[in-house]
Structures are given as structure tokens and as C-alpha cells.
Amino acid sequence: MHGHGASVRYTRTVQQRMMYVAIPFHRKGVVAGVVRAAVPLAQVDQAVANLRMLLLSASALALFIAGLVSTLATRRISQTLRQLAQTAGRMVEGKLAERTRTPGHDEIATLGKSLDHLAENLSKTLAQLKAERDLLGGILGGMQEGVLVLDREAHVIHANPALRAMLLLGIDCIGKPLLEVIRNADLVEILWRARDSASAESGEVELAGIKPRRLMVHVSTLQGEPGDLLVVLVDVTQLRQLESIRKDFVANASHELRTPVASMRSAAETLRGAMDDPEAAQGFLEIIERNAGRLHQLVEDLLDLSRIESREFRLQLENVDLCAFAEQMAKSYRRMAQEKQIQLEIPEEYRGILAKADRRALEQVLGNLLDNAVKYCPSGTSVRIHAGPEGERVRVTVSETGAGIPPQHLPRLFERFYRVDTSRSRELGGTGLGLAIVKHLVEAMNGTVSVESVPGKGSAFSFTLPKG
């Protein structure tokens, strides 16, 4: 027999499980017998049971702890994600100053820091865009030129204040069709022409209505926005009026110069053949002298007007006693008035009234008004100089009881070369510049000028000056 044997079985004798082990023993190299031992397994089973219970308890405790840690970790992660979602939602609403401020260095913290960085960059970008928008809005709002932008369906998408003022539009014009907003056929034609040709178009249009205007229009397509049109309108009404005034001035000045020059040439040519006739020669010399005087006066008036308009006429404002000044001026015209049997009156109830004025300019203003009044009034009438306070100003009026001026002439009386009766004015030696000089000089002294007249009853020319 060799080896050993073991067995575990239930023993009915002791009624419990037993472990049997048999081991042979030898003597002198020969198997002498077999030793068998039996051990009850109750203690072993108890130890195994205890070990199993211990393992089960440890496993249950480990599972509980793992579940608790997992729940806490999940709750923490969920709370952090919930905070990230809430912060992101507020950012979407426009509150870009919000920050997640997620601590740590894990993936969630990295996501939070990325959101903060994104919000900061977006906030800077929006601030820059807002600044550019405000700058562009300020530029468009401050422009004197009208700016209109149309989309490809010809709807208004922008109209700056200048354009709305030019076309008398309200703020509600945005989004409306072009034909509903603009009723000027010439302007609409230029816009359609630019849209159809996809090239820049220009032109001038006339706007009628309460405030007639002349507008220069430039239309071009917006780069990057196919079909959209940029329309720029420039009000050239005043420019065209100035051009018209310039043309009228050149024409009137040429006409005024042509008449005396032609008279002088004609008289000089005729004088050559009348040298032997002293009486005829004297007449022609008088014609030359009279027209030379007209030319001299015209040139002087033109130079005065030019100096005043170019501000070369330096004013020295001082306190002037108007009544005393008017009496001194009237002395120069009393003889002319007496010859025409015209009564020249200066009331004394407003003596001592002071005005802030330049003496040379005031002399020219009052002299022109008195000269016109005495020169154009018929015999038997009266001319009156009156001065009186009017609030913070002083009003001076030169009135006469002559034929008066028709109402249609009153708005243009202070224009250069404008005359009510052209032939009579030239006959009396007028240049047509006197009232224009009066207007410019009074305005240079911070005053205003006006005229009132009733045909058949006379006229009153007034000007105001600051109180002295």
C-alpha cells in the first residue's frame, strides 16, 4: 500500500460529518500497518460559515459604501451640471456678465471655464459691435445727407433722420414697400434703373409740396448684399438758389453797367461831330458826366456789398443816441426835401434812446433809407424818422406817405438789383443795391430789417438794433 487517503462523509454513529484520513506506516522498509484518524467537521463548518458571513457582510458594506459614494458623487456632478445649465441659460438671455466659477480641474470644471471664456469673448464682441453700431448710428443721424437702404424686395430697411425730414416721412416707414413711402416718379425711376442695371445711377429730382426741395440722388448696390440698394440724397436747394442768384447778379450787373457805358459811348461819339457847337457839346458832356457818376456809384455800392459779405467791413460797436444821430443825418436831406416840398419829421418824445451800433454802418443804413424816401416820394408828402424801445432792442422806422409798394414786391425788396419801378429808379440814379446793403449792415450789427406798405398810403422801412 502506498500513498494516503482522505474522505469526508456523514457518520450515522455520531450523526455528524467527519473527515477520515488513512496513512500507512513502515517498519524496516515494509508496510507494517495503516493509521486512520477521524476528525469531526463541526468546528470547520462553523469557521467556514463564519467566514462566509464575514464575506457577505463585508460585500454588503462595500456595496453600500460604493452606492453612497456613487450617489453623493452623482448628486454633486448633477448639481454642478445644473448650475452650468442655469448659468448658460442666463447667458443665452443676454446676461453675459454671469460666470460659472466651477472649482477643480476635472472635465466639468474645464467645461465651466470654457463657458466663462466664451461668455467673456462674446461680451467683448457684442460691446465692440454695439460701439460700432452706435458710432454708425451717430454718423447717420448727424449727416445732413439723406440715407435710404432698400432690400431686394424694395422694402425700406433704413432711413436716417435727414432723409425722413427731406421726404416728410415718419419713423414707421421702416419695413414698408418703396412705392408706399416715396411718391415721386422721377426718384422711383432712378431707383429702378439702378436696380435693373446693377450699377450706380445719379440724377436730380424736384420735390413739390409745403417745402419744395431739389435733391441730388446717388444710387448704388450694397456690396455683399445682392439686390440691396443704398440711396444717398443731398439737398441742393440752397446751392441751386445761390447759382440762380449768381446768374441773376451777373446778368443784372452786366445790364446795369451796359446802359451807362452805352450812353457814354454814344455821347462821346456824337460829341466828336459837335465840337463846333458849344451848346450841344455841353449837353453831351453832361450825359457823360451823369453816366460816369452812375458807374462810380454802382462800383462803390458793389465794393461796399462785397466788403460787407466777406466781413472785411470792420464794425466798431458803441452806444449811439439814435434821435441825435437821426437829426444830424436829416440835415443832409432837408434841402432835397424842401425842394420837393416834402416835410421831414423827427419826433422828440424818445430822445436819449441808445443803441449798440457802428456809426459808419448806421450812417449808411439811415442814409440809404432817407435817400430812398425823399427821392421816390411825390411832392406834398411827409417823411418821418421814429425810434423807440422794443423789449431788449430798439426799433428805428423811416416812414413816408407816398404811393406805397404793391404787396407782391415786398418779399424781394432787399434783393440785389431788385426794383419796383425799373425805369423810374434808373432815371433817379438808383443802383438797386441800396436796400441790399442796408440788410447786410443791419444783420452785421446783430439786427433785423423789415418793411410794411399799403398802396396809396405809404411805406415804412424798419430795422432793430440791440439796446445800448
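Calculation rules
Residues numbered from 1 in each chain as written. Predicted model: local features only at pLDDT ≥ 70, side-chain atom pairs only at ≥ 80, totals over all residues. Heavy atoms only, no water. Helix = DSSP H or I, 4+ residues; strand = E, 2+ residues; numbered from the N terminus. Buried < 20%, exposed > 50% of the residue type's maximum accessible area, 1.4 Å probe, protein only. Pairing = 2+ DSSP bridges. Axes fitted to C-alpha atoms, helices over the stretch in contact; angles between N-to-C directions. Polar contact = N/O pair within 3.5 Å; in protein donor to acceptor, adjacent residues only side chain to side chain. Contact = heavy atoms within 4.5 Å. Left-handed = near helix turned anticlockwise from the far one by under 90°. Nonpolar A, V, L, I, M, F, W, Y, C, P; charged D, E, K, R; others polar. Core = buried A, V, L, I, M, F, W, Y, C linked by side-chain atoms within 4.5 Å. pLDDT = per-residue confidence, 0-100.

Asks: Whenever I open this one, the overall build of the chain confuses me. Can you help?
Replies: Regarding its fold elements, the chain presents 11 helices and 15 strands. Buried positions account for 32% of the 468 residues belonging to the chain.

Asks: How should the sheet that holds strand β6 (residues 201–207) be read in this particular structure?
Replies: Paired through their backbone hydrogen bonds, the strands of a sheet run either parallel or antiparallel. What the 5 strands build is an open sheet, ordered β5-β4-β8-β7-β6; its pairing is antiparallel. Pairing within the sheet leaves two strands with one partner each, and these edge strands are β5 (156–159) and β6. Between one strand axis and the next, the sheet turns by 20° as a mean value, whatever way the strands run. Relative to β5, strand β4 (residues 146–150) is paired through 3 bridges, and the arrangement is antiparallel. Paired with Val-149 across the strands is His-158, a residue of β5.

Asks: What is the right way to read the side chain of Ser-459 from this model?
Replies: With respect to the helices, strands and loops of the structure, Ser-459 is situated in strand β15 (residues 458–466). Side-chain polar atoms of Ser-459 contact the side chain of Ser-453, separated by 2.8 Å. Apart from the residues within four sequence positions on either side, Ser-459 is in contact with Val-398, Ser-399, Glu-400, Gly-404, Ile-405, Glu-452 and Ser-453.

Asks: What is the right way to read the packing of helix α9 (residues 359–376) against helix α11 (residues 434–444) from this model?
Replies: Pairs of packed helices are described in terms of their axes, by the angle between the two and the distance that separates them. For the pair α9 and α11, the least separation of the axes is 9 Å and the interaxial angle reads 145°. At the point where α9 passes α11, the crossing takes the left-handed sense. Residues Ala-361, Gln-364, Val-365, Asn-368, Leu-369 and Asn-372 of α9 lie in contact with α11, whose contacting residues are Gly-434, Leu-435, Ile-437, Val-438, Leu-441 and Val-442. For the contact of α9 with α11, the class distribution of residues is 8 nonpolar, 4 polar and no charged.

Asks: How should the pairing of strand β2 (residues 16–27) be read in this particular structure?
Replies: Side-chain direction in a regular strand flips from residue to residue, so the side chains alternate between the two faces of the sheet. As judged from the 7 bridges shared by strand β1 (residues 5–11) and β2, these two strands associate in the antiparallel manner. Each bridged residue has a counterpart across the sheet, and for Ser-7 the counterpart in β2 is Tyr-20. With antiparallel pairing between neighbouring strands as the criterion, β1 and β2 make up a hairpin whose turn holds 4 residues, including Gln-15 at a positive phi of roughly 55°. Where β2 and strand β3 (residues 30–40) come together, 10 bridges link them in antiparallel fashion. Looking at β3, one finds that Ile-23 is bridged to Val-35. The antiparallel pairing of β2 with β3 creates a hairpin that spans 2 residues between the two strands, and Lys-28 there sits at a positive phi of about 55°.

Asks: So what exactly am I meant to see when it comes to the sheet that holds β2 here?
Replies: With antiparallel pairing, 3 strands are arranged side by side in an open sheet as β1-β2-β3. A strand with exactly one partner marks an edge of an open sheet, and here the two such strands are β1 and β3. Strand-to-strand twist across the sheet, computed as the mean angle between neighbouring axes with direction ignored, equals 25°.

Asks: What is the right way to look at the nonpolar core in this model?
Replies: Generally speaking, nonpolar side chains in soluble globular proteins are found buried as a group. Leu-366, Leu-370, Val-383 and Phe-463 are the most contacted members of the largest nonpolar core, which has 43 residues in total. When contributions to this core are tallied by element, the ones reaching two or more residues are α8 (322–339), β11 (354–357), α9, β12 (382–390), β13 (393–400), α11 and β15. Ranked by residue count, the leading element in this core is α9, at 8 residues. Setting aside residues no more than four positions away along its own chain, Leu-370 makes contact with Met-329, Ala-330, Tyr-333, Leu-344, Val-383, Ile-385 and Val-398. Grouped together as the second largest cluster of nonpolar side chains are 26 residues, Val-156, Leu-191, Ala-194 and Val-217 included.

Asks: It is not clear to me how the confidence of the model for the chain should be interpreted in this structure. Could you clarify?
Replies: Do not read the fine detail of predicted coordinates wherever pLDDT is low. Looking at the chain as a whole, the pLDDT averages 79, with 88% of positions reaching at least 70. Across residues 423–429 the pLDDT falls below 50, and counting only partners more than four positions away or on other chains, this stretch makes 11 contacts in the model.

Asks: What is the right way to read the environment of Thr-270 from this model?
Replies: Mapped onto the elements of the fold, Thr-270 is located in helix α6 (residues 237–272). Residue classification places Thr-270 among the partly exposed residues on the basis of a relative accessible area of 36%. Measuring from C-alpha to C-alpha, the distance between Thr-270 and Ala-280 comes to 9.5 Å, with 10 residues separating the pair along the chain.

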